[in-house]
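One letter stands for each residue in the lines below.
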Amino acid sequence: MNGGIYVHVPFCRSRCRYCSFYSVTGGTVPGPQEYAEALIRHFRSFQLPVPIAFNTVYFGGGTPSLMPASFFARVLDILSGMLQKNTISEITVELNPEDISTDYLKSLKSVGVNRISIGVQSTDDKILQKLGRSHTAEKAEEAVKQARSVFNNVSCDLIIGIEGEKTSADIILGSLPLAALSHLSLYMLDGEKNRKLAAGEDHTADLYMDVCVLLEEAGLSQYEISNFARAGMESVHNLHYWTGNSYIGLGPSAHSFLYPYRIWDRSGLNRFMKGEFREGREHYTRNAFVSEMVMLSLRLRRGAKQREFKERYHIDLFGRFGWLAEKFPHYVIQDQDGISLSREGMLVSNEIFQELISPR
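### Here's the deal with the pattern of salt bridges
Right, so step 1: Counted under the stated rule, the structure contains 13 salt bridges.
Right, so step 2: For arginine 301, the salt bridge is made with glutamate 216, and the minimal N-O distance between the two is 3.3 Å. You can see arginine 301 sitting in the loop between helix H10 (286-299) and strand E15 (304-305) and its partner glutamate 216 sitting in helix H7 (residues 201-217), a full 85 residues away along the chain.
Right, so step 3: On the accessibility criterion, arginine 301 (34% relative accessible area) is partly exposed.
Right, so step 4: With a closest N to O distance of 2.5 Å, glutamate 224 and arginine 299 form a salt bridge. Here glutamate 224 is found in strand E9 (residues 221-224), whereas its partner arginine 299 is found in helix H10, with 75 residues between them in sequence.
Right, so step 5: Overall, the relative accessible area of 0% leaves glutamate 224 in the buried class.
Right, so step 6: Through salt bridges that share partners, Arg13, Glu98 and Asp99 make up one connected network.

### Considering the sheet that holds E15
Right, so step 1: Spatially, the three strands line up as an open sheet ordered E15-E17-E16, and their pairing is antiparallel. What marks the edges here is a single partner per strand, and that holds for E15 and strand E16 (332-334).

### A look at unusual backbone geometry
Right, so step 1: Glycine 61 connects to glycine 62 through a cis peptide bond whose omega is 15°.
Right, so step 2: Relative to the helices and strands, glycine 62 is located in the loop between strand E4 (53-61) and helix H2 (69-82).
Right, so step 3: A cis amide bond links tyrosine 259 to the next residue, proline 260, at an omega of 10°.
Right, so step 4: For proline 260, the location among the structural elements is in the loop between strand E12 (255-258) and strand E13 (261-265).
Right, so step 5: In this structure, glutamine 121 is a non-glycine residue whose phi angle is positive, near 70°.
Right, so step 6: Its location among the elements puts glutamine 121 in strand E6 (residues 115-121).

### A few points about the packing of helix H3 (residues 102-110) against helix H5 (residues 137-150)
Two packed helices can be described by the angle between their axes and the distance between those axes.
Right, so step 1: At a minimum axis distance of 9 Å, the contact between H3 and H5 shows a crossing angle of 40°. The angle between the axes of H3 and H5 places the two elements in the oblique class. As for the relative orientation of H3 and H5, their crossing is right-handed in sense. Here Thr102, Leu105, Lys106 and Lys109 of H3 lie close against H5, whose contacting residues are Gln146, Ala147 and Val150.
Right, so step 2: In terms of residue class, the contact of H3 with H5 is made up of three nonpolar, two polar and two charged.

Here is what the cut-offs are and how they apply
Residues numbered from 1 in each chain as written. Predicted model: local features only at pLDDT ≥ 70, side-chain atom pairs only at ≥ 80, totals over all residues. Heavy atoms only, no water. Salt bridge = Lys/Arg side-chain N within 4 Å of Asp/Glu carboxyl O. Helix = DSSP H or I, 4+ residues; strand = E, 2+ residues; numbered from the N terminus. Buried < 20%, exposed > 50% of the residue type's maximum accessible area, 1.4 Å probe, protein only. Pairing = 2+ DSSP bridges. Axes fitted to C-alpha atoms, helices over the stretch in contact; angles between N-to-C directions. Parallel < 35°, antiparallel > 145°, perpendicular 65-115°, else oblique. Left-handed = near helix turned anticlockwise from the far one by under 90°. Contact = heavy atoms within 4.5 Å. Nonpolar A, V, L, I, M, F, W, Y, C, P; charged D, E, K, R; others polar.

Here it is in structure tokens:
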């Protein structure tokens, strides 16, 4: 069984106004090597129910690019010594544009990093200021080009649905060098959590549909609700989340999935650094797990496949979940192979997923 390792780096210079991830700013921040050792202690605390061939490591945040290359080298060196040899094929680090330089990129590559994800978020300076980002659109464009000069696999994040943004998809993409990207994540701002920042739902929906078309015309095909990639360049790590593979989350607040448990850390940074890990744990019933796997599969453009669900979960997908196509006829597609969402269905996916996981 393949799986992934997520490493949370919760340190930030300042907190962006839309962010809901656990992070700390200011105060006393542990040194990079000290934090690396705490992460390894956390990894050793897990008891794996079955052997897992971890093939991805993803450093997210927070702001991983605040860390020197020696931090990533230390974590990767120890993990490699503890895992099945030569299994890790994708190592991603999230970077902020203002932290990117050619020397830093080369130092990351030298320690084994082979995929970069850049937090561009917007190509409009006014929107970047509204979001609380500290880089400019020009710096983001430069950062993508610099990253592509060192790495073959470069992704970036964009956010749409922000009050005051332009209504044209080509203006939203701006001068972003799409040809330099192998992958792009397009997120719609959560209006419920960000009411002061969010644009109207109709604006966001129209913009999403238009940007999807432009990205596909640029060779970035949609493979998940929020993710686009060139052929063969999909995020292997994120696919673990959507296909039911195991993953371990290291760091304060990080989540893990080791069937039949979803596990999360709730220690906070101070306890975490002392090795006083406090674990939250949810046990899945088989029915709840299968329903969640259908929901996660529907996030993917390919959807949930009848044959795969029969082989992996021993269920008749059409018999158990065929009602979705009847209840949402314009949004859920059922064909001879399986069930999937139309692009319009992706826009109302939260409503469909809520119906899916609610007791019936």
